[in-house]
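These are the residues of each chain, in order.
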Amino acid sequence: MKLEMKDSPGQLVAALKPMSEVGGNIIAVIHQREPDLDDDTLNVQIVLELPEGRLERLVALLKEQGVHIQRIGEERLLYKRTVILIGHLMHTDLSDTVDQIDSTGFAEVCELAMSMPAVHERSTSRITIKAVSKHDMEAALAILRRVSIQKSLLLIEPLEEIA
Amino acid sequence: MMKVALIGLGSVGKGVAGVIARKDLGITITGIADSKSGCVEPDGLDIANLLLNKSRNGYCGDREISAADVIKKADYDALVEVTPTNALTGEPAIGYIKTALIRKKHVVTSNKGPIALAYKELHALALKNGVALRYEATVAGAVPVMHTLEHGLAGNEILALYGVLNGTCNYILTRMADEGLTYEQALMEAREMGYAEADPTYDVQGIDAAIKLVILANTIWGNSIGLNDVDRTGIDLLTPDALRLAEDEGCTIRLIAEAIPRKHILRVSPRILEKNHPLVVDGTLNALTLETDMAKEITLIGRGAGSTETASAIIGDLLFIQDRYVQRT
């Protein structure tokens, strides 16, 4: 997002604080004084990861701080989806299953919980996938659906929020 | 008085007969048939006596009179067809319903077979003969889904629907989540409670939910889809670990039937839902969320099965017909 704030001591810190408050992870802060602007304003570009649904709260908090938001690049939003896979996960090469998502470049498995009751029994895992856009998430889930069919795994998807 | 012929005297039929006998609804039964016998009386049958016969002998009336005879010959305004669902052929119910419609008799049914397999033909036949074909009881038991779609949400465009339409699966999933039971243990318990059939395939593999989805989709969008158009996954391969892993995230698993025409989605599958999601209902309850252009989301929750509960839906259809078509006396 691109922000505009007063160029005075403590302002930048005040703008960054709400970002951590809402659970955001700041990836980059870029600021430079543009010569054609009044001396007392500062333009800052911030790249951050934000859990889904927190953006509105962050916008409200920034406004309270007197920070003007010039632009929000939605494409930078991170989407998270959790699915459950059931089947012979190890025998069907779980690391390959994960790699099929990771190798896309636009989505990755960020969390994996696993339960293996006995060698011959089916195991269950909960997999959380991150993607940079809703579209990419759909593509990642499509890959997972295809792999699940190939490997005879049962894929349980989340019910999408009602559009 | 509205005259009714009742075909089928299982759990639902007994429920309907009992309610008509017990409550002063302006409805009288002039013909009745079970799988073995039939009975006709233009002035109205003695229901209590017939139900007594049924429990004593296993059949209610004259063994020389068949269901087809009652449908063809009895004097009635509306046929109540509540024989068991045959998901493969829809028979003999399709034949029964056609005969009644051709006789210009209204039809109310709880039978999913005919509506899922022959809706277009039966609907056209009813229109041609100027009578009603109503089937509120086929989807979500007592929950007035069809009335809501037809009246309460009249003029709305239905954009999508999501539902918990099979009480047996919902009971099994609820027990697996609450008590950490295995699928097999929960199924056994469901059988003991009378919620599951000896052969649970039809319920646990999502066939029953898919049939209801077909009925809803055809009613709403008139797109003549069939059971084979539904992408279907059951609950029989779920592990207790899956429910526990979902629980760790504040979620649970439910068998969801969903239709989203704009995305070409027609699917029954186990899904992860947050526990406070409106479709996460407990035990044998059913739930249906309709997403519409004007009303946005509407969720209906209620009992999806049971003798009197299903009778509620059938009586609702009969009284609608009485209001709309049959002269009140």
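The shown structure was predicted, so the numbers you read here are calculated from the model rather than taken from an experiment.

Brief notes about the nonpolar core
Nonpolar side chains in soluble globular proteins generally cluster together in the buried interior. Core analysis: the largest hydrophobic core is formed by 126 residues, its most contacted members being I7, V80 and L213 of chain B. The dominant element in this core, judged by the number of residues it contributes, is helix α10 (residues 207-221) of chain B, at eight residues. L213 of chain B has contacts with L165, V230, A257, A259, L266 and V268 of chain B, leaving out every residue within four places of it along the chain. The next biggest cluster of nonpolar side chains, apart from the first, holds eight residues, and it includes M5, A15, M19 and L62 of chain A.

Points about the domain arrangement of chain A
Frequently, the measure chosen for interface size is the accessible area removed from exposure when the parts meet. Looking at chain A, the domain boundaries give domain 1 (2-76) and domain 2 (79-156). Of note, the centres of domain 1 of chain A and domain 2 of chain A, computed from C-alpha atoms alone, are 35 Å apart.

Brief notes about helix α2 (residues 47-57) of chain B
Three- or four-residue spacings in an α-helix give side chains the same orientation, since the helix completes a turn every 3.6 residues. Residue and element names in this part refer to chain B. Those residues of α2 not exposed but buried are I47, L50 and K54. One side of α2 carries all its buried residues, which in axial view fall inside an arc of 65°. Along α2, exposed side chains directed more than 90 degrees from the buried face belong to A48, N49, L52, S55, R56 and N57. Where α2 ends, the next residue or the one after it, G58, has phi of about 90°, a positive value.

Describing the domain arrangement of chain B
All names here are of chain B. The assigned domain composition of chain B is domain 1 (2-142 + 307-324) and domain 2 (149-303). The C-alpha-based centres of domain 1 and domain 2 are spaced at 28 Å. Taken together, the contacts link twelve residues of domain 1 with 14 residues of domain 2. Counting residues per element, the side of domain 1 that touches domain 2 draws most heavily on helix α5 (residues 112-128), which supplies five residues. Of the residues in the side of domain 1 that touches domain 2, the class split is seven nonpolar, two polar and three charged.

Quick word on the pairing of strand β7 (residues 158-164) of chain B
Residue and element names in this part refer to chain B. For β7, a buried count of five out of seven residues is recorded, marking the element as mostly surrounded by other parts of the structure. Alignment of β7 against strand β11 (residues 285-292), held across six bridges, turns out to be antiparallel. Bridge pairing in β11 links G163 to L288. With three bridges connecting them, β7 and strand β9 (residues 251-260) associate as antiparallel partners. Each bridged residue has a counterpart across the sheet, and for Y162 the counterpart in β9 is E258.

Cut-offs applied
- Here the residue index of a chain counts from 1 through its sequence in written order.
- Here chains are named by letter from A upward and ligands by number from 1 upward, in the order in which they appear as written.
- For a predicted model such as this one, the threshold for reporting local features is a pLDDT of at least 70, and the threshold for listing and counting side-chain atom pairs is 80 or more; totals across whole chains, interfaces and linings nevertheless cover every residue.
- Each nonpolar core comprises buried Ala, Val, Leu, Ile, Met, Phe, Trp, Tyr and Cys residues, the members being joined through C-beta atoms within 7 Å.
- Each residue is classed by its C-beta neighbour count within 10 Å, where at least 20 other C-beta atoms makes it buried, 12 or fewer makes it exposed, and intermediate counts make it partly exposed; the C-beta atoms are placed from backbone geometry.
- Elements are defined by DSSP. Helices are runs of H or I of four residues or more, strands are runs of E of two residues or more, and each kind is numbered from the N terminus.
- Residue pairs are scored as contacts if the distance between their C-beta atoms, which are placed from the backbone, is within 7 Å.
- Per the annotation, domain bounds derive from an automatic or database assignment of domains.
- In this context, the arc is that of the directions from the helix axis out to the C-beta atoms.
- Residue classes follow a fixed rule: Ala, Val, Leu, Ile, Met, Phe, Trp, Tyr, Cys and Pro count as nonpolar, while Asp, Glu, Lys and Arg count as charged, and any other residue, Gly among them, counts as polar.
- Pairs of strands are assigned from DSSP output, requiring at least two bridges between the strands.

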